[in-house]
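Chains, contacts and geometry: an overview
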Amino acid sequence: MSSATSLTGRVLARSAAIGVASLVSMHVATGSAQEAPLRETVTVSVDQQIPNAPGKRLVSLIVDYPPGGSSAAHHHARSAFIYAYVLSGEIRSQVDDEPVRVYRPGEVWVESPGAHHRVSENASDSESARLLAVFIIDAADEQLTTAGPE
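Residues numbered from 1 in each chain as written. Predicted model: local features only at pLDDT ≥ 70, side-chain atom pairs only at ≥ 80, totals over all residues. Heavy atoms only, no water.

**What about the overall build of the protein chain?**
In plain terms, the rule: We count a stretch as a helix when DSSP gives it H or I for four or more residues in a row; a strand needs E for two or more, and each element gets its number in order from the N terminus. Think of it in three bands: residues with accessible area under 20% of the maximum for their type are buried, residues over 50% are exposed, and the middle band is partly exposed, with areas taken using a 1.4 Å probe on protein chains only. Between two residues, a contact is recorded if the distance between any of their heavy atoms is within 4.5 Å. Computed with a 1.4 Å probe, the accessible areas rest on the Shrake-Rupley method; for each residue, only the protein chains presented here act as cover.
Across its full length, the protein chain carries 1 helix and 11 strands. Ordered by position from N to C terminus, the α and β elements of the protein chain give α-β-β-β-β-β-β-β-β-β-β-β. Expressed as a percentage of the 150 residues in the protein chain, the buried residues total 39%. Taking contacts inside the protein chain between residues at least 6 apart in sequence as the whole, the part at least 24 apart equals 69%. Carbon together with sulfur atoms contributes 55% to the accessible area of the protein chain, which is approximately 7900 Å² in total.

**Section: the sheet that holds strand S10 (residues 129-138)**
To keep things clear, this is the line we draw: Each pair of strands is called paired provided DSSP finds at least two bridges between the two strands. Note on geometry: axes are lines fitted to C-alpha atoms, helical ones only across the stretch in contact, with angles between N-to-C directions running from 0 to 180 degrees.
Strand order in this open sheet of 5 strands is S1-S2-S10-S5-S8, and the pairing throughout is antiparallel. Two strands lie at the open edges of the sheet, namely strand S1 (41-49) and strand S8 (108-111), each paired on one side alone. Neighbour-to-neighbour, the strand axes of this sheet turn through a mean angle of 15°, independent of strand direction. Where S1 and strand S2 (residues 56-65) come together, 8 bridges link them in antiparallel fashion. Paired with Val42 across the strands is Val63, a residue of S2.

**Considerations on the packing of aromatic side chains**
We apply this condition: Stacked, edge-to-face and tilted are the three classes for Phe, Tyr and Trp ring pairs, Trp counted by its six-membered ring, which pair at centre distances within 6.5 Å; planes under 30 degrees apart are stacked, over 60 edge-to-face, the rest tilted.
What the rule picks out here adds up to 1 aromatic pair. Relative to Trp109, the ring of Tyr103 lies with its centre 4.4 Å away and its plane at 40°, an arrangement referred to as tilted. Residue classification places Tyr103 among the buried positions, given a relative accessible area of 8%.

**Some points on the pairing of strand S6 (residues 91-95)**
Successive side chains on a regular strand alternate, one facing one side of the sheet and the next facing the other. In terms of burial, S6 is largely enclosed, as 4 of its 5 residues are buried. Where S6 and strand S7 (residues 101-103) come together, 3 bridges link them in antiparallel fashion. For Arg92, the partnering residue across the bridge sits in S7 and is Val102. Relative to strand S9 (residues 116-122), S6 runs antiparallel, the two sharing 5 bridges. When the sheet's bridge partners are listed, Ile91 is paired in S9 with Asn122.

**Structural notes on the environment of Asn122**
To be explicit about the condition: We call two N or O atoms a polar contact when they sit within 3.5 Å, provided that within protein one can donate a hydrogen and the other can accept it, with sequence-adjacent residues counted only if both atoms are side-chain atoms.
Locating Asn122 in the fold gives a position in strand S9. Asn122 sits in the buried class, given a relative accessible area of 3%. Along the backbone, Asn122 and Ser93 are 29 residues apart, and their C-alpha atoms lie at a distance of 8.8 Å. With sequence-adjacent residues up to four places away left out, Asn122 is seen in contact with Tyr65, Pro66, Pro67, Gly68, Gly69, Glu90, Arg92, Glu127, Ser128 and Ala129. Polar side-chain contacts of Asn122 include one of 3.4 Å to the backbone oxygen of Tyr65. Polar side-chain contacts of Asn122 include one of 2.7 Å to the backbone oxygen of Glu127.

Fair warning: the whole summary comes from geometry, so function is off the table for now.
So this is what it looks like as structure tokens:
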């Protein structure tokens, strides 16, 4: 791998992490004012160009929700096609105007480019939950998500 390719990969990974960090900072906390906010933890596991799809990249994220944890409402990048797979626990989700639904381990949903993710939260107040989110996105898109109205 050339140093230019390696540098590009690191820049794209940093851009994805910045977009994810903005999502994390938008988190809506639950609980009393004395408790620490219940935030999701997002880990970028893959961020690389797709060799046979010029101009596209694949970004894979692991999202861990503590008991009662949630993400703020957000929009995904206009180019982002997303595959979401529940690894453990139960995830309550609502995308666009679809009904709110609870997904269990092994269940999946997809999100169309530009989708409004209205609800994304752990359905349990006592157990953790984990989600795999795989984005196919334009290589030039720097942010995976942006704050959106509730």
